[in-house]
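Listed below are the residues making up each chain.
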Amino acid sequence: MNTKKINRQHRQIGDQTTKGGLLGIMIYAMSRNNVDPVLIGLIVPVAASVLAWVSTKIGDPDLACMFIPDDKKAE
């Protein structure tokens, strides 16, 4: 297998794990602070969208992955 492909796969997994962890911490903190569950349910998709948008600004916009650099910017 190609080393670059494996490296991209690991970075993609790390990116998704990081975003999921941040969402989990956010949900846990809101739950511990007695935020209304309906409000949590409304905030989570918005927060996931914001994290995906931030990933497109940091890394490769086609993958929404902050850990894979955008090759188009390097050219």
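This one's a predicted model, so the numbers in the text were calculated from it and none came from an experiment.

### Points about the overall build of the protein chain
When helices and strands are counted, the protein chain shows three helices and zero strands. Order of helices (α) and strands (β) in the protein chain, N terminus to C terminus: α-α-α. Across the 75 residues that make up the protein chain, the buried fraction comes to 20%. Within the structure as shown, the protein chain displays about 5400 Å² of accessible surface, and the carbon and sulfur contribution to it stands at 65%.

### Quick word on the side chain of aspartate 15
Structurally, the position occupied by aspartate 15 is in helix α1 (residues 3–32). Classification of aspartate 15 as buried rests on a relative accessible area of 0%. Within the structure, the side chain of aspartate 15 is placed 3.0 Å from the side chain of lysine 19, a separation counted as a polar contact.

### Describing a nonpolar patch on the surface
Taken together, the side chains of Val38, Leu39 and Leu42 present a nonpolar region at the surface, about 290 Å² in accessible area. Mapped onto the elements of the fold, leucine 39 is located in helix α2 (residues 37–58).

### Digging into the pattern of salt bridges
Applying the stated criterion to the full structure yields one salt bridge. Put simply, lysine 19 and aspartate 15 hold a salt bridge, and the shortest N to O gap is 3.0 Å. Within this pair, lysine 19 and its partner aspartate 15 are both found in helix α1, separated by four residues, close to a single helical turn. Owing to a relative accessible area of 9%, lysine 19 belongs among the buried residues under this scheme.

### Structural notes on the confidence of the model for the protein chain
Per-residue confidence for the protein chain gives a mean pLDDT of 81; residues scoring 70 or more make up 69%. Predicted confidence in the protein chain is weakest over helix α3 (residues 71–74), with a mean pLDDT of 58, and strongest over α2, with 90.

### Focus: α2
Under the 1.5 Å per step criterion, the end-to-end length of α2 is 31 Å for 22 residues, consistent within 8% with the ideal 32 Å. For α2, every residue scored as buried is listed here: Ile40, Ala47, Leu51 and Ser55.

### Observations regarding the environment of proline 45
The topology assignment puts proline 45 in helix α2. Distance from proline 45 to leucine 23, taken between C-alpha atoms, is 9.5 Å for residues 22 residues apart in sequence.

### Some remarks on unusual backbone geometry
If you check the backbone angles, asparagine 34 has positive phi at about 55° while not being a glycine. Structurally, asparagine 34 can be placed in the loop between α1 and α2. Using a relative accessible area of 71% as the deciding quantity, one classes asparagine 34 as exposed.

Rules and cut-offs
- Residues numbered from 1 in each chain as written.
- Predicted model: local features only at pLDDT ≥ 70, side-chain atom pairs only at ≥ 80, totals over all residues.
- Heavy atoms only, no water.
- Helix = DSSP H or I, 4+ residues; strand = E, 2+ residues; numbered from the N terminus.
- Buried < 20%, exposed > 50% of the residue type's maximum accessible area, 1.4 Å probe, protein only.
- Areas by Shrake-Rupley, 256 points an atom, 1.4 Å probe, with all protein chains shown as cover.
- Polar contact = N/O pair within 3.5 Å; in protein donor to acceptor, adjacent residues only side chain to side chain.
- Patch = residues over 30% accessible without salt bridge, like charges linked within 9 Å, V, L, I, M, F, W, Y side chains within 5 Å.
- Salt bridge = Lys/Arg side-chain N within 4 Å of Asp/Glu carboxyl O.
- pLDDT = per-residue confidence, 0-100.
- Expected span 1.5 Å × (residues − 1).

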